[in-house]
Structure formats: structure tokens, C-alpha cells
Amino acid sequence: MEIDRRNFFKVGIFTAGTLIAPRLWGDIGLETVAEQPWEGPPGHENEVLSVCQMCPNGCGIRVRIYEGRAVKIEGIPGHPLNNGSLCPRGQSALQLLYHPHRLAYPVLNKGARGNGSLQRMTHEEAVGLLAEKIGDLVRRRQTHRLVIVSGSHSDTDELILRRFCDSVGTPNYIKIESLGRRSRSMAMGLSQGIFKPPSIDWSNCNFVMLFGSEPGTSDISPMWLLRGFGELRQGRAGRRAKIVHVSTHFSPFSSKVDDWIKIKPGTYGALALGIAHIIISEEKYDADFIEHFTLGFEEFKEVDGTLRPGFKEHVLNNYEPAKVSSITGVPEEVIIRLADEFSSNRPAVAYGGDGPASYSNAVSELVAIHSLNALIGSIDVPGGVLIQRDPPLRMPERVSNNSLFTHNLSQPPVDDSIRSSNLPVYMAGSNLPMRLSDSSPYPVEVLVLVDYDPLEEAPGPNYWREAFKQIPFVVSFCNFSDESSRICDLVIPPGTFLERWDGKSVDSSVGFPVWGLSRPVLETPLDGMDPSSFFMKLAKSMGHQIAGAFPWQSIEELLKEIAMDLNPSPGQVNPWDEIAAKGYWSQSPYRFGRQREVYQTRGNRFNFFMYSMEAAASHLRSAGYANLDKTGTDLAQSAFLPNHNSAEFENWDNRELFFLELFGTTLSGHGRHFSLEGLRELQELDLNKSWGLWLLINPRTASKLNLSNNEIVWVESNHGKLSARVKKVEGISEDSVGMIFGQDKGTEHSDTLSNSAMSLVGENISPLGGGLCWGTTKVRIYRA
Amino acid sequence: MNNRSASIAVAISVDHPLVKPVSTSGGGFYVTAFALLIVMGWAFIAWLTQYIRGLGVSGLDRPVYWGVYITNFVFFVGISHAGTLISAILRVTGSEWRRPITRAAEAITVFALMVGPINVFFDLGRPDRVLNMFLHGQLKSPLMWDVICISTYLVSSLVYLYLPLIPDIAELRDTGIRPRWFYRLLSLNWRGTEKQKHILEKMIRVMAIAIIPIAVSVHTVVSWVFAMTIQPMWHSTIFGPYFVVGAIFSGIASIIIAMAILRKVYHLEDYLKPIHFNNLGILLLVMTCLWVYFTFAEYLTTFYGGEPAHMAVFYSKLTGEFAPMFWSMGILCFIIPFVILAVGRFRTITGTVIASISVNIGMWLERYTIVVPSLSNPRLPISEITYYPSWVEISITAGCFAGLTFFYVMFSKIFPIISIWELKEGGVDVAAGEVISSAATSGKKRMQ
Amino acid sequence: MTRWGMVIDLDRCSGCQACVVACRQENNIPVVGREQAAMGRAIFWMQIIEEREGGHNEGRTRYLPRPCMHCDNPPCVKVCPVGATYRNPEGLVGQIYARCIGCRYCTAACPYTARYFNWYEPSWEPPREKSLNPDVYVRPKGVVEKCSFCVHRIRKAQRKAKDENREIEDGEVIPACAETCPSKAIHFGDLDDPDSEVSKLAGSRRAFRLEEFLGTDPKVIYLREGEWSE
């Protein structure tokens, strides 16, 4: 072949041709290319209605089932609580259902805890084993030595477990409630006699003051608050409510509100009373409401002649703006502005959240905040504070105490709680682990944990480790091998809420009663037996007397009985089918103006002067609690009015300490399900990080301590220490550091160190409310 | 004319310094080749790992979707400009001193053009689907422009390298170097007749002219891959000429390095003389100034405009995360070469080689600081991710450099790296081994 | 002709991230794990992004849910060398996973960084795979993916309307993010229908679009936060 010009050009054209020919400019034949959605062979598809129990709130859900697999969860449209929507935790429930590390069967640990040989068994065998253990207690007449601690969100579990304890004869059914819930219930209880957190009619508010509360972060009505947030803003044409956010650190939510007020830790109540001072002195309060619906606004005399101080004089004398400003760090003019705006933009609502609930003065702070609502008449009115009404369920009658167990039932409960239906005193969960490890007042022989992992979720996990050592037989109902179950004798997987029958009344939110029906969404259930079924089976296997308390064949049958009186339409005999078809029962609208229902206090009025607090104080005093300063119960008459008592913090070290702000986000909640990978992979907004355990620190503090981002530091309190990564966040104040609930929970195992931030918190319980004060901790930060 | 054809007729002995590398191989060659093969083999293992496990084994992330592979691509394609473009310009302008260096330069082009684009292949998430580029190619994508321009450039560079090789291959055939059939086949029956020479010279001239716009187009479209997007500090109209200047800049530097090595290893001191390094050094100096001019224009415009998104990238280079690389680039691409090359007595062989090495490292950094910082600072969202290349990327990069060297060495072992017949044409009595180079003298005269 | 668009009301949005979780669940987005997430390789078709008002280094932070903008003038479609991403007549910017060669030119060209890459073969530890949505492809390693505006839900609604011999109604198509949004901040519909909710909201004085000056013509419209006036 000779090179000549012709050959050369041939080569050139060939090259260019092959490159250009395939596609010219433009969208050629794109519509012929397969579209994205996959049209496989049509499979069988249906929807099952149920109730979400990722938190105790009770949103209605519909689960999409495709060929027997649950593939997506949405809210039930029109459901009074969530109206078709779901929060991030609710959306993650399928990750729980199909979690690869779920325990498939009960496991008995033979030999030393933690490293003995494991024996696999069926649920029936586990029932038999537990029946044997408890049967032994029955024979020995020592049934009070059985303790059941339950963190289950299920109403049915609550019913069955309590009933089981009653029928077996133990006073030791202990319910672990969501953080902050108890204090918030107590505040409502002291002032209105309703021992439940307040419900707020968000969609009709014009002005909202959130004291340390962020929608979606706590376990109390996240959906209701999130929904309300949208409604307040753009839900009503031409009416846009103002949202004021008072908090100790500037969070992503703070950047969403209209007005953010920075406050010093533990001083929320002082600010509320300072605002009350202005409202009263400028006479902007609702005089009509105060006259008809409150007690103790003005000074008054009892029939017996005792002089009771009035809220008005109390506030005017003690909470002048200058003083409040110095306590809270909020400028006087801001206090005055808030008071003006709050009183002149009704309906307005003041709402206390996790922030105030975390300090040692939780209950009194929350009462002080709630008293603002009474001042301007925002209770039991549209756009104000409502009470959550219960559905008229036909609950089975309480087990009548048989002679066999009277003795055991009258034993003092192991958690030392004072249980009186009309006293707001509660000590549960407080020094429980210490008392368990001390074997006081008597040794416990069988401990049953239901959906509760104290080594991760409870403060001071080391007390629990001690307690475990003292108890011969510990059983844990949990789906995963968590910190606690690793050192248990028997682990029983209870399955998820998506695989069981349950009935659920909504938690404080909409006001009117709503009852949701939860049922198994899968045709073939996965492994696990829910605690209700398990304990019913256990009771039935324990002989006539105990078995007799459980006459139902199944939980479904029990629920049918409970729901008998829920008539969706008048005249209908059996409401079951209709509830089953709709997924829930509700009775709207909210009924206003029932004073006796709304105020179940003395005089059926809002108690500025709190009689039940006075009663509680004397009760506590007689029970031998000397140190009552923090509840104010030892003090003068004015102590039973809304007050600000300074919060106590653990100043355990002479070196520089920082307030530990342990808070929740919408993803973490209180950290319960934060181990789900799908949630952990999301970035927390101000962190901009996913996974890992992070310490939020102010950039100036960080540079003072010479710390940089991503660096690993020790966070040490007087209860423990753990390592976290530094993340500089502008919103955290310079004297604080922040951590998020449940970050890194259950991801790294160590026998000595718990990795949950809760392990830094001490057992600080307010005697009055009984709630855990998780904000009292102070920590030291140093390089690892 | 007669003289010249007469001199061609005389066959060169196998021991002649220009032919010796082809005819005999010493231990040094085998050691070098083996070492390079090991590096390439390691790179292949790295690539295999990436192919099997996925691009996750690289250090790439979101938002830094492009990293070292794309940097290599731009860099090697840049180097490729040296050769053919330079030799074409010198040929067209009739610079006589070009004669000993054109082939060495053209060979760099061809091999750099093979190594460069393969980096895009390494960068693909689905290398198995690479044929989609032809089955579903979209001409509106600048990446397709690259494919077309680069393949055209590669083919024409091959032709342009091959054409002037034909008489030399014939020479080797006549000398009897093995394998004879190979040289016989490639020599295309060259007998050095007037007609053949006429055709050959005409074709070389046509190619030399045609290849200049092709070469310019190549680096222009490479720059357009970036400039056609609307990303901060990529979307720039001067990217075309800026990249072309940078390409020629790094290309010349590569030629100088290659020549210095060849000179040393193959004892070509008689052919590659200080004058060549001096002349190329002057060219490099010109390019240094041009490059710094473009860089200054580019950054001043960005700074003066002060758009936030652009400024984020700007500051990440000048004062932020990429500052060490950016300022190293400034020193390596401007300060060092400028000082060496602007002063006549530093413009020695050693001096130009130091300047060239500095320029090539600097230009790689320049490519890197163009590719990565823009991606690290996207318009949305704010990113805190830092990109570090993984061992896979580093290995493959090392493999690329080894590959380029290996193929270049192999080429020099198969064909004379200095064009014998062109030297003869230039009036050098090659056979005698003496140098009466009119080219060299005329060059010197011009210098003075 | 239908032109699908989304309106996100930032005044309603609380930044709760329910949309992000719902999207991941609906669209079979794998969990990449701790190390990969730290490298920035987690995939979020819908993501809450920070935007600092007043430039990159100062000012107040604003949080925006960011799906794919489905630009009418998409910078990604132009640069794809193989036509693996395209804009269809309904204005949806789609991705053909089976054709994508993984060059990531589109990801580099997208000014919103809304496109994601599968660095490894995605995996679901059994029995995780049971919760996979049958309507959505699972993407292999080495290809680019992004928000599809839940095109499978659009097609389902269209098919249903066709079977019932009627036009598709406004509000009938709800992407997973919009469906779950607790504060109802996300609206979806036909921007070419002047009576649709999204059209009306898009005409609001609060409306703006991300990086509007780039001329990408995004079909995701944001409504900025309102002001409180007494």
C-alpha cells in the first residue's frame, strides 16, 4: 500500500464518520427508552390501617402491603391527630420491622451472665420457664418480689401487665414514662387537677410562646405540634400567628420562628412570672376569666380563717422586670414587649416543653408558664389550652384482691413511690436501681423489663449494673440485643407494634377523644410474641386463680370488649366493624365550657393557689423527706403559688464546668429508636453531620479550649464519661455544651462505658413531680 | 540536491549512535522496562479493584465528583500538545534547529494522548458501558466533543509521526536490523526516489498545517468540559486559550525533560545540543509569561466581580484549603521557571531541565486546583467534605506516568528517536558521525 | 400539556426531615453506613440544605428541603454524553439508569448538587429488602440517580385516570415527601394549569426559586417565610 493523498483522506473521513454517525444533536428516540417506574407483574396489594407507636402519641397509619411485604407507611388521611402525615420517626417504622438484627426467638443464658452459653427456646417454653419462676414465688408467698418495669408505649400492655401484677400479688408494676412527661402532667395536675400534659388548639392561636419547646423533638405530641406549626403560619388566610421561641440555645428551629429569646438555663419560670408582672401591673389580664374560673388571684381567707396570699400581690412584689431580667438574662424591654404582644394578640398560648422540664425546678417552672394562660383566659377556649379527654372505653374491672395475695399487695412498692390518687407525689423510677441493689425494703427475685433498656435509657447506668447483680433472675422483653439484655438471664423478643393487636388512646393533643386500633399488618407474623399475649398466656398457665383474671381468648377479643361503648353512629350495637374499617374511633368536636371536667381542683377553678401542692408538701414532710427546698414545700404559704425557685446544678468539680444541654431533635426524639440506620444517616440540621456521637460547642469556647471540629474529646460528669466528636455550633451559648439524645445508642459495646449521653446524667428526681431532671448535669471537657 | 540523495544511499552502521538504541539493548533498558512494568501492573491491580468493587474505592465523594482522574486527563492531554503542535509550528515556520527534536516531541504526543483519555475511562462508574458513548452519543455534550477531537488528534498525530518515520524505517530495513519483516512492512516500499520524496514532503507539509487547528481544538474542548457548565470559576470564556497555553507550556517542558534523558541515556550529545535546550527554553519562557498573564486575567476578573459563589472558590484557593497547592503552583509554574529561563546563563541544559520539571509539577497542580476547588465549593449546599485521593487513584496515576514512560522507551528502542533523514536533509553528514550542522550554526547565529 | 412542579412553603416547613425519610423509604435509597456517610456519599434525593443568607460565610442560616429542581433548562441534560438523563414533555428530568455510564458530568454540572452517585453496589441486609418499593428500580453501582418527582406515582395516577376515562385532577398526584409532610409545606401539581394549587401558590409574592439568576428555570418554587404584623 502506498501512501497517497486519496488514502489519507479516506482514513480521515472514516474516522470522523464512525464518531459522528451514531447520534446527532437532540433528543433522539428518548421517549422510546424505558421510563423509570418498573412495571413488574402486578402483585397483590392491600392496605392495613393501624396505629404508630414509635412514640406514645398514637398517630393513625396505613401500611401498604405488596405481596405480603410491608413496603411503605403513610398517615391515615382525616385522622384527627396526624391527618395523613407522619413524622420522620413514624416513617422509619419499617426499618424496625425488617431490622436484620432483630432477635428471632427467646434466649436463655445458662451460666454466668454476659458470657454464659445461650440456649434457644420457643415462646411457649419461655412462658413455661417464667411460670415456673413466678410459681415458685407464689408457693413461697413472696410474689411481691416480682418487679415489672415497663417502657412500652402500648395501652394494652399497660392494662395486661398491671392486671397481671394485681392478680399475682405484687405492688411492683413500674411504668417508665417519656422524659419530661411527668413534670408536665404534674404542672397541669397542680393547677387544673388534670394529670396529663396540656393539649393546645394550635390552629386557632394567634400568638404562641414556646418555652424550651420545639415541635417534634419531644415524645409529647410531635405530630400535633408540627401540624400546628404549619397551620399557625399559613393555614388561615390573612391570619399569621407569631411564634416566639424562648430557649437556652439557638437551634435550627430558632431560625424558623419569628422571635427567638435567649435565656439562662433553669430560669424559664422567672421569665413567665416577669411577663405576668407586666400584664398584671398594666391590667391587661382577662378580669372576667379570672373572676369566674380561677382561685387565688387575689388574697383570700379560708373558712377557718387562714389567710391565703394572692397571685397578684405575689407577682407584683417579687417579679419586677429588673429583677427578672437579671435572673434570666432577658432584657427588660423584651419582657415588656412579650407581655404586650402576648396579652393583646389573643388567643395566645404559653407552652412549656423539654427545656423547663429538664431542670430541678421543673414543676414549678411549668406551673409558672401555665399561669400565663390563666391570666389571659386562654384555657378551654378556641386557640387555648385544652384538656385531652379519654374515650369511653369499657375497661375490665380491677382484679378483686384475693386473700392469698393481700399481704403481698400491701407491701411497700420497691420504688418507694407514694401512690395516692389525689396527691401529685410520685417517686417512681427515681432511686429504683439504688434500692434494687440495696435489697431494700426487701430483695427482689425476678425482674422483668418490658421494652426498657435501663443501661442505655436510664440515668446513672452503673446503679442498674449493680442492681442486676443482686437480682437472681432478670428477664428482658426486647427486639434487639441491647445493653441490658446482654446481661440478662432470659431475653424474649416481643416483636414490633406492626405485628400485634392493640388499642391506643391518643396522648395529649387534639383534646377530643380518639382511640386507634392497631393490628398485625403482615399475614404471616414474624418472630416474637407481644408482651400482652405473652403475659396472658403466662397467667393462663399459672392456675385457676390467676388465670381467672384473664377470661379472654385473645387480645383481639379483649379489645372488642373494651371498644363496646365506642358508638360511631347512634343506635349501632357493635361498633367494632366500623372502627376496624376506619382504623380509629373519635368523637369530635371538642366540647368547650364544661368547667367541672376542665378544672378538677378545689372549687373547679384554675388554682393559682395550689391546694394539692400544699397537701403533697405535708405528705412528703410526713414521709420523711427533709430536703424539700427545691419544691418549695417547706416554705411559706406563697410557696403554693406559681414561683420561680432557682434550679440546682451539679457543681462537682473546681475546674471549669459547662452546662450539659441534652436535647432531642425531630429525628432523635428522646433517643428511643435513634439506633435505626435510616435515621442515623440523616444529617442533624445544625450539626450537618450524620452518625457518631457529637458534642456541640460554641466556636469561642472551642477556641478557648483549643479544640477543632471532628476532634475527639472526653465529656465527663460526676456520673461517668464518654468520648464524642467536637462540632462547633454558633447557637450553643458559651457556658454550655450540647448533646443529642440517643446518638450512637447501642452501636459500640463496652462493659464499662455506656455510649449513650444519658449515662452522664445523675439520678436527679424532683420529689414533687417525680420526673427526671436531666438538665442539672455539668460536665468537664478535655482532649481525649 | 544530488549530494543529499547520495548521502542517503549510504547505509548507516548498526553502531551509529542514532541507530544503536534500536539495534542493541543493555541491562539498563531491561531494568527500566521491568520497573515500569511493575508499576503498571500494580496500577492494573488497583484498577481491577476499582472495577470489581466500584468507584467507591476512590476518594471521590459528593460534591467532589471529579478528582485525580480528571486532573490526569487534562494534564496528559496538555502534555500531548507539545509534540505535534510544536513540531508542526517549527516545520511550518521552517526553523532549522527543529530537525533533531521533532520526532522525540511527536512521540510524546502520541503516547500522552493514549494515557490521557484512558483516565476518563478510569473515572467511569460503568466502564462496561463505555460503548454507550457510540451507541447513544449525544453531540451536545462537551464530553463527546472531546471524544471526537481527541480521537481525530490521535489519528492525525499517529499519521504525522509515521510519515517522517518512513525513510528512517527504510534505513533500518536496509541496515538489516531485526525483525526485518517488521521494518520491511512499515517502510511501505520506500526507496527514496524523487517521486516518493515529493509525495512524502507534500503530505508532511499538509499534515503539519492541518494538525495545528486540530491540536488547538483539542485542548479548547477539554477546557470546555468545564467552561460549558455554570459552575463557579469553571464558567469562563478564556478557558479555551488558557488551557491551550497551559498545554503548550507543559508540553514544551515535557519535551525538554524527554530530550535531556535521551541525550544522557543514548549518548546523543552530538545531536541534542545546548542550543536546542536554549531555544526550547526561550519558548518555555514565552509560555511562562503567557500562562501567568492568563492566570492573572482569570483570577483578577473573578475577584473584581466578587460574586459570592465564585469568591468561595477563589478564597478556597488563595487562602483556604487549596492555598498550599495554589501557591506551590504559582512558584513552580512562574517564579522558578521565570528566574531560570530569563537569565541567559541559567538557560543551560540543567537549568532548563529544572525549570521543566518545576513546570510539569506546577501544571499538574494547576489542573487539580481547577478541577477540585470548584466542586468542593458548590453553589448549594455548603459542604464540609474534604477530598483526598485514595491509594487506588494514586496507584493508577503512578501507572499512567509509568505507562507513558514505558511506551516512550519502547518507541525509542524500535525507531530512531532522532529523525536521521531529516538531519541529512538539513545538511548533517550523519553517516560520518560528524556534525556540520547548518541548522545548529544558523541557530547560534540567530541567538547572537 | 402537563408541566409538573412543586411548591415548598418555607413558612410552614419546620425542618423536621420527615420528607427526607419518606423519600428514602419510597425510592429504595440504600443506607450507606457510617464511613461512607462521613465521606459525603449518603444519598438524599430530598435533603434539607442550609443556605446562609448574605453569602457563604456570614448571616443567618435558612433551611430548605431540596429535591431535584426539574429545571426547564436543565444543565445536567445538556452535558450527558449518552443521553442517560433527559427532560420529558411533562417537564420531568429523568435518569435512565441502564444507560448511564457513570461519568458524573451531570453531577458536576448541576448547580444544586442534587444528583447522587452509587459508589458501591447498594445492599440491603436481609430482611431489609422486604420493605423495598416494587414501583421503583433499585439502582446498580456506578450510576447516577436523583429525585424523580415520584414519577411512578404520577404514572399510577395517570393510568387510574385513564382507566376511569377522565382527566387527572389537581392534587391527585402526591409525591412521598408531600404526602408525609407534617406541616403540609409541600405542594405538587401542574404548573401549566392556571387553576391548580401550585400555580396559584407560585404566583405568590413570597415565591422565589433557587439560584434563579442562572436561568435554569427550576420547577421547584419556594415561598419565603412570612412576616408577622400585629
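Residues numbered from 1 in each chain as written. Chains lettered and ligands numbered in written order. Predicted model: local features only at pLDDT ≥ 70, side-chain atom pairs only at ≥ 80, totals over all residues. Heavy atoms only, no water.

**Observations regarding the packing of aromatic side chains**
Under the criterion given, the structure shown has 70 aromatic pairs over all chains. Ring centres of A:Y285 and A:F297 lie 4.9 Å apart, and the angle between their planes is 55°; on these two criteria the pair is classed as tilted. On the criterion of sequence distance, the pair formed by A:Y285 in the loop between α8 (268-281) and α9 (287-293) and A:F297 in the loop between β12 (294-295) and β13 (300-301) is long-range, its members being twelve residues apart. The residues A:Y285 and A:F297 share a single accessibility class, namely buried. Aromatic side chains B:W145 and B:W224 sit 6.0 Å apart centroid to centroid with 80° between the ring planes, which places their arrangement in the edge-to-face category. Linking B:W145 in helix α7 (residues 142-162) with B:W224 in helix α10 (residues 194-227), this pair joins segments that are 79 residues apart in sequence. Given a relative accessible area of 31%, B:W224 falls into the partly exposed group. Taken together, B:W66, B:F226, B:W234, B:F239, B:Y242, B:F243, B:Y293, B:F294 and C:Y105 form an aromatic cluster joined through their ring pairs. When the ring centre of C:F117 is taken as origin, the NZ or CZ atom of C:R104, which lies over that ring, is 5.0 Å away. (Phe/Tyr/Trp six-rings, centres within 6.5 Å; stacked < 30°, edge-to-face > 60°. Helix = DSSP H or I, 4+ residues; strand = E, 2+ residues; numbered from the N terminus. Buried < 20%, exposed > 50% of the residue type's maximum accessible area, 1.4 Å probe, protein only. Lys NZ or Arg CZ within 6 Å of the ring centre and 35° of its normal.)

**Quick word on the interface of chain A and chain C**
Between chain A and chain C, the contact holds 72 residues from the first and 68 residues from the second. Carbon and sulfur atoms make up 50% of the area that chain A and chain C hide from each other, which totals about 5,900 Å². At the junction of chain A with chain C, the criterion picks out nine salt bridges. Here A:R233 ties to C:D11 by a salt bridge, and the two come within 2.8 Å at their closest N and O atoms. Counting only elements with at least two residues in the side of chain A that touches chain C, the list comes to β2 (60-66), β3 (69-75), α2 (88-91), α3 (93-97), α7 (222-234), α12 (332-344) and α25 (677-680) of chain A. Considering every element that reaches the side of chain A that touches chain C, the biggest residue donor is α7(A), with eight residues. (Contact = heavy atoms within 4.5 Å. Buried area = accessible area lost by both parts, 1.4 Å probe. Salt bridge = Lys/Arg side-chain N within 4 Å of Asp/Glu carboxyl O.)

**Some points on the interface of chain B and chain C**
Between chain B and chain C, the residue contacts involve 46 residues of the former and 51 residues of the latter. Here chain B and chain C share an interface that buries about 4,100 Å² over both sides, 59% of which is from carbon and sulfur atoms. Sorting the residues of chain B by area buried against chain C places B:R62, B:Y65 and B:L380 first, and these three jointly supply 19% of that buried surface. Here chain B is connected to chain C by two salt bridges. C:E211 is the salt-bridge partner of B:R379, the closest N and O atoms lying 3.9 Å from each other. Linking chain B with chain C are 32 residue pairs in polar contact (both at pLDDT 80 or more), by the criterion used here. At the level of elements, α3 (27-53), α6 (132-135), α7, α10 and α13 (308-318) of chain B are the ones that each hand at least two residues to the side of chain B that touches chain C. Classifying every residue of the side of chain B that touches chain C by side-chain character gives 26 nonpolar, twelve polar and eight charged. (Polar contact = N/O pair within 3.5 Å; in protein donor to acceptor, adjacent residues only side chain to side chain. Nonpolar A, V, L, I, M, F, W, Y, C, P; charged D, E, K, R; others polar.)

**Describing the packing of helix α5 (residues 102-123) of chain B against helix α16 (residues 391-414) of chain B**
What describes two packed helices is the angle between their axes and the distance between those same axes. All names here are of chain B. Look at α5 against α16: their axes get within 10 Å of each other, and the N-to-C directions meet at 150°. The pairing of α5 with α16 is recorded here as roughly antiparallel in orientation. For the pair α5 and α16, the crossing hand works out as right-handed. Residue-level contacts link R103, A104, A105, A107, I108, F111, A112, V115, N119 and F122 of α5 to I396, C400, L404, F407, Y408 and F411 of α16. (Axes fitted to C-alpha atoms, helices over the stretch in contact; angles between N-to-C directions. Parallel < 35°, antiparallel > 145°, perpendicular 65-115°, else oblique. Left-handed = near helix turned anticlockwise from the far one by under 90°.)

**Concerning the side chain of A:R89**
Residue and element names in this part refer to chain A. Here R89 lies in helix α2. Look at R89 and you get buried, because its relative accessible area is 4%. A polar contact is formed between the side chain of R89 and the backbone oxygen of G216, at a distance of 2.9 Å. Not counting the four nearest positions on each side in its chain, R89 is found in contact with M54, C55, G216, T217, S218, D219, P222, T666, L667, S668, G669 and L679.

**Re unusual backbone geometry**
All names here are of chain A. Backbone torsion omega between R346 and P347 reads -5°, so that peptide bond is classified as cis. By secondary structure assignment, the location of P347 is in the loop between α12 and β15 (348-352). A cis amide bond, omega -5°, links S588 with the succeeding residue P589. For P589, the location among the structural elements is in the loop between β22 (584-586) and α23 (595-598). Unusually for a residue other than glycine, N604 sits at a positive phi of about 45°. Locating N604 in the fold gives a position in the loop between α23 and β23 (606-607).

**Here we look at the domain arrangement of chain A**
All names here are of chain A. Partitioning chain A into structural domains gives domain 1 (42-98 + 502-523 + 552-590), domain 2 (107-178 + 401-494 + 529-543), domain 3 (199-386) and domain 4 (658-761). When each unit is reduced to the centre of its C-alpha atoms, the spacing between domain 1 and domain 3 is 34 Å. Taken together, the contact pairs 18 residues of domain 1 with 15 residues of domain 3. The contact between domain 1 and domain 3 buries some 1,200 Å² in all, and 57% of this surface belongs to carbon and sulfur atoms. If you sort the residues of domain 1 by the area they bury against domain 3, R89, S509 and Y590 come out on top, with a joint share of 34%. Counting across the domain 1 and domain 3 interface gives eight residue pairs in polar contact (both at pLDDT 80 or more). Partitioning the side of domain 1 that touches domain 3 into residue classes produces nine nonpolar, eight polar and one charged. (Domains from an automatic or database assignment.)

**Observations concerning the sheet that holds strand β21 (residues 514-518) of chain A**
Strand pairing in a sheet relies on backbone hydrogen bonds. The paired strands run either parallel or antiparallel. Residues and elements named next belong to chain A. With antiparallel pairing, three strands are arranged side by side in an open sheet as β20-β21-β22. Edge positions in the sheet fall to β20 (502-505) and β22, since each of these pairs with one other strand and no more. Sheet twist, expressed as the average angle between the axes of neighbouring strands with direction ignored, equals 15°. As defined by bridge partners, β20 adjoins β21 across four bridges and the pair is classed as antiparallel. The residue of β21 that forms the bridge with S505 is W515. (Pairing = 2+ DSSP bridges.)

**Quick look at the environment of A:Y268**
All names here are of chain A. Mapped onto the elements, Y268 comes out in helix α8. Judged by relative accessible area, which is 1%, Y268 ranks as buried. Each C-alpha atom of the pair Y268 and V349 lies 15 Å from the other, and the pair is 81 residues apart in sequence. Filtering out sequence-adjacent residues up to four positions away, Y268 remains in contact with F211, G212, V246, S247, T248, I263, G355, P356, Y359, E365 and I369.

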